Amino acid sequence: MIVCQSFNQPKPFGIHLKWDMESFQSTIEKYRQVKFDSICMAHFGYIHRDEVKGILDEAAANFDTWWELYDRNADRLDDIDYMVEKD
């Protein structure tokens, strides 16, 4: 089975979409249940055979890392001095 998925579909002007964490996690879990020969994901291109499981694991791990970073800093996202690393 070959699947092409793009999370970057064009959106109508003026439409703001909210990130759906549960949907993303559910999608990754559903993909893990399928035995892919290859998969095509935006920004990564085609990924073949053994690498498919790895890229799904990596996507879940990256999501967890970024979400943890966001949670730790959510109350200070507007604080430029805090968010910008200075030399």
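Every value quoted in this text rests on a predicted model; they were computed, and no experiment measured them. (Residues numbered from 1 in each chain as written. Predicted model: local features only at pLDDT ≥ 70, side-chain atom pairs only at ≥ 80, totals over all residues. Heavy atoms only, no water.)

## Let's talk about helix α2 (residues 50–73)
The first and last C-alpha atoms of α2 sit 36 Å apart over 24 residues, in line with the 34 Å expected at 1.5 Å per residue. For α2, every residue scored as buried is listed here: V52, I55, L56, A59, A60, F63 and N73. The inward-facing, buried residues of α2 contact α1 (21–32), β2 (38–41), β3 (45–48) and α3 (80–83). (Helix = DSSP H or I, 4+ residues; strand = E, 2+ residues; numbered from the N terminus. Expected span 1.5 Å × (residues − 1). Buried < 20%, exposed > 50% of the residue type's maximum accessible area, 1.4 Å probe, protein only. Contact = heavy atoms within 4.5 Å.)

## Some remarks on the packing of aromatic side chains
Inspection of the entire model under this criterion finds four aromatic pairs. Pairwise contacts between aromatic rings join F24, F63, W67 and Y70 into one cluster. (Phe/Tyr/Trp six-rings, centres within 6.5 Å; stacked < 30°, edge-to-face > 60°.)

## Regarding the confidence of the model for the chain
For the chain, per-residue confidence averages 77 on the pLDDT scale, and 79% of positions sit at 70 or higher. Ignoring residues within four places in sequence, the model shows residues 1–6, a span with pLDDT below 50, making 18 contacts including any to other chains. (pLDDT = per-residue confidence, 0-100.)

## Some remarks on the pattern of salt bridges
Scanning the entire structure with this criterion turns up four salt bridges. Note that R32 and D57 form a salt bridge whose closest N and O atoms lie 3.1 Å from each other. On the criterion of sequence distance, the pair formed by R32 in helix α1 and D57 in helix α2 is long-range, its members being 25 residues apart. Judged by relative accessible area, D57 falls into the partly exposed class, the value being 29%. One salt bridge in this structure joins D79 and R76, with 3.1 Å as the shortest N-O distance. (Salt bridge = Lys/Arg side-chain N within 4 Å of Asp/Glu carboxyl O.)

## What to know about a nonpolar patch on the surface
Together, Y70, L77, I80, Y82, M83 and V84 make up a nonpolar patch on the protein surface, roughly 540 Å² of accessible area in all. In terms of residues, the nonpolar patch owes the most to one element, α3, which gives three residues. Along the chain, V84 turns up in the segment after α3. Looking at V84, the relative accessible area reads 42%, which means it is partly exposed. (Patch = residues over 30% accessible without salt bridge, like charges linked within 9 Å, V, L, I, M, F, W, Y side chains within 5 Å. Areas by Shrake-Rupley, 256 points an atom, 1.4 Å probe, with all protein chains shown as cover.)

## Focus on the packing of α1 against α2
Contact geometry for α1 and α2: axes closest at 10 Å, N-to-C directions at 160 degrees. Our classification of the angle between α1 and α2 gives roughly antiparallel. Here the hand of the crossing between α1 and α2 comes out left-handed. Between α1, through M21, F24, Q25, I28, Y31 and R32, and α2, the contact on the second element is made entirely by L56, D57, A59, A60, F63, D64 and W67. Residues belonging to the contact of α1 with α2 are distributed by class as follows: nine nonpolar, one polar and three charged. (Axes fitted to C-alpha atoms, helices over the stretch in contact; angles between N-to-C directions. Parallel < 35°, antiparallel > 145°, perpendicular 65-115°, else oblique. Left-handed = near helix turned anticlockwise from the far one by under 90°. Nonpolar A, V, L, I, M, F, W, Y, C, P; charged D, E, K, R; others polar.)

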